[in-house]
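# Reading the structure
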Amino acid sequence: MVQTPHTNALVVTFQNGVHDVKQVLVDQGSSIEVMYNDLFKKLDLPMSVLQPVEVPLICFNRAPIKSLGHIFLPIVVGSKMLSVKFVVVNISSPYNAILGRTWLHGMQAIASTYYQVVRFIGTHRRQKDLRGDQVASKKCYVSAVHNSTKGKQVQWVEVPDLAVLEDVGELAKEKAIEDLVSMPITEDRFWVDPNFISQSLNVNKDSKPIVQKARRSAPEHAEVVIEEVNRLLEANAIQEVQYPTWLSNTIIVKKNDKWRVCIDYTNLNDASPIDWFPLSKSTNW
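First, a word on what this report is: a plain description of the structure on this page. Small disclaimer: the values here were computed from a predicted structure and weren't measured. (Residues numbered from 1 in each chain as written. Predicted model: local features only at pLDDT ≥ 70, side-chain atom pairs only at ≥ 80, totals over all residues. Heavy atoms only, no water.)

## Some points on the overall build of the chain
When helices and strands are tallied, the chain shows six helices and 13 strands. Across the 285 residues that make up the chain, the buried fraction comes to 25%. Relative to all contacts within the chain whose residues are 6 or more apart in sequence, the contacts with residues 24 or more apart total 58%. Of the roughly 22,700 Å² of accessible surface on the chain, a fraction of 54% belongs to carbon and sulfur atoms. (Helix = DSSP H or I, 4+ residues; strand = E, 2+ residues; numbered from the N terminus. Buried < 20%, exposed > 50% of the residue type's maximum accessible area, 1.4 Å probe, protein only. Contact = heavy atoms within 4.5 Å. Areas by Shrake-Rupley, 256 points an atom, 1.4 Å probe, with all protein chains shown as cover.)

As structure tokens, then:
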């Protein structure tokens with residue numbers, strides 16, 4: 001019996017072999033099926049069964065999440081069994097797994113959060129229902145809210161006693177630098193340890209990443225772009241990524257009878273805060 005009124009998510013239980021997997025979210029907005037690492041460990045499955053996933057997951061806030069791999073598992077609901085591809089991720093969640101549109105389409109099922117049921121056609125063409133668990137849904141919701149607010153609380157951290165700098169008086173030049181940090185640079189690589197120093201884009205927190213629509217280029221422009229990209233790859237100046245949060249088109253301009261490859265950063269510039277201390281013009285240098 002469904003308790004109304006409610007705004008509960010649809011949380012169900014399915015069978016995997018001898019295991020009853022509870023607290024499974026049915027999400028019609030998810031294009032894949034997700035298994036969290038806690039459930040993967042409880043199923044006593046070795047890490048060797050995971051197959052690599054080349055493209056990371058993109059959350060609703062467009063943040064990429066790297067997965068541990070994917071695995072096919074038989075899922076039994078009622079008398080119907082379906083082999084489901086789960087992507088395993090190592091992040092905290094009140095749910096054990098997420099069943100998305102791929103599973104629903106494979107089951108030829110219809111899910112309703114209001115009626116708390118997944119309706120599908122079972123054996124002998126008979127209608128079957130998988131009922132949701134409103135109690136488990138409420139517990140998952142409370143757990144998710146608790147974990148989100150817990151991260152905002154101030155935690156006490158014990159800091160060991162720090163050495164006090166010696167008063168050098170007028171001998172500042174002699175005591176100015178005591179230890180120099182050396183960074184190894186070899187011929188085959190030129191890099192700086194990100195633990196030492198790193199750089200990030202300074203964009204407004206309220207700005208959302210924008211992926212521009214692809215623009216078609218003329219054949220001669222496409223050849224120029226390919227040549228420039230290969231040149232930068234050989235110089236180790238750029239690297240290929242599979243999860244761009246900002247994606248901008250290339251623009252080909254002609255300068256001094258030569259083609260130049262530029263990037264359309266108008267959206268990124270709009271999201272960047274105004275620099276109140278700009279550099280002076282190059283003509284003044």
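There's more to say after this.
## Some thoughts on the sheet that holds strand β11 (residues 127-131)
Here three strands make up an open sheet; going across it, the order is β9-β10-β11 and the pairing antiparallel. Two strands close off the open sheet at either side, each with one partner strand: β9 (110-112) and β11. Taken over all neighbouring pairs, the strand axes of this sheet differ in orientation by 20° on average, direction set aside. Inspection of the sheet shows β9 paired to strand β10 (residues 117-121) by three bridges, in the antiparallel sense. Opposite Ser-112, over in β10, you have Val-117 as the bridge partner. (Pairing = 2+ DSSP bridges. Axes fitted to C-alpha atoms, helices over the stretch in contact; angles between N-to-C directions.)

## What about the environment of Asp-27?
In this structure, Asp-27 sits in the loop between β2 (19-26) and β3 (33-36). Residue classification places Asp-27 among the partly exposed residues on the basis of a relative accessible area of 28%. Separated by 18 residues in sequence, Asp-27 and Ala-9 place their C-alpha atoms 8.4 Å apart. Apart from the residues lying within four places of it in its own chain, the contact partners of Asp-27 are Ile-98, Leu-99, Gly-100 and Arg-101.

## Considering a nonpolar patch on the surface
A contiguous nonpolar surface patch, about 310 Å² in accessible area, is contributed by Tyr-141, Val-142 and Val-145. Topologically, Tyr-141 is positioned in helix α3 (residues 134-150). (Patch = residues over 30% accessible without salt bridge, like charges linked within 9 Å, V, L, I, M, F, W, Y side chains within 5 Å. Salt bridge = Lys/Arg side-chain N within 4 Å of Asp/Glu carboxyl O.)

## Points about the pairing of strand β6 (residues 69-77)
With nine bridges joining them, β6 and strand β7 (residues 80-89) adopt antiparallel strand pairing. Looking at β7, one finds that Pro-74 is bridged to Ser-83. Where β6 folds back onto β7 in an antiparallel hairpin, the turn is made up of two residues, including Gly-78, whose phi is positive at roughly 65°.

## What about the pattern of salt bridges?
Following the criterion strictly, the structure yields four salt bridges and no others. Residue Glu-228 is joined to Arg-231 by a salt bridge in which the shortest nitrogen-to-oxygen separation is 2.5 Å. Pair noted here: Glu-228 and Arg-231 are both in helix α5 (residues 219-234), with a separation of three residues, about one helical turn. A single salt-bridge network, built from bridges that share partners, covers Arg-119, Asp-129 and Arg-131.

## Focus on the nonpolar core
Judged by nonpolar contacts, the single largest core of 28 residues is most densely connected at Phe-14, Met-35, Val-77, Phe-86, Trp-103 and Val-118. Counting residues per element, the ones that place at least two in this core are β1 (11-16), β2, α1 (37-42), β6, β7, β8 (97-99), α2 (101-107) and β10. Once residues within four sequence positions are removed from consideration, Phe-14 is found in contact with His-19, Asp-20, Val-21, Val-24, Ile-75, Val-76, Val-77, Phe-86 and Leu-99. With 12 residues, the next largest nonpolar core counts Leu-57, Ile-98, Ala-136 and Cys-140 among its residues. (Core = buried A, V, L, I, M, F, W, Y, C linked by side-chain atoms within 4.5 Å.)

## What to know about unusual backbone geometry
Look at the link from Thr-4 to Pro-5: it is a cis peptide, with omega at -5°. By the secondary structure assignment, Pro-5 is in the segment before β1. Positive phi, normally seen in glycine, also occurs at Arg-125, with a value near 60°. Following the sequence through the fold, Arg-125 ends up in the loop between β10 and β11. Of note in the backbone geometry, Asn-236 takes a positive phi value of approximately 60° without being a glycine. In this fold, Asn-236 is placed in the loop between α5 and β12 (250-255).

## Brief notes about the packing of aromatic side chains
Tallying each qualifying case throughout the model produces two aromatic pairs. With 4.9 Å between their ring centres and 90° between their planes, Tyr-114 and Tyr-115 make a pair best called edge-to-face. Taking relative accessible area as the criterion, Tyr-114 reaches 47% and is therefore assigned partly exposed. The exposure class assigned to Tyr-115 is exposed, which follows from its relative accessible area of 55%. (Phe/Tyr/Trp six-rings, centres within 6.5 Å; stacked < 30°, edge-to-face > 60°.)

## Remarks on the environment of Trp-103
By the element assignment, Trp-103 lies in helix α2. Here Trp-103 falls in the buried class, since its relative accessible area comes to 1%. A sequence separation of 72 residues divides Trp-103 from Ser-31, and the C-alpha atoms of the two residues are 9.3 Å apart. When neighbours within four sequence positions are excluded, Trp-103 is seen to be in contact with Glu-33, Ile-75, Val-77, Leu-82, Val-84, Val-118 and Leu-130.

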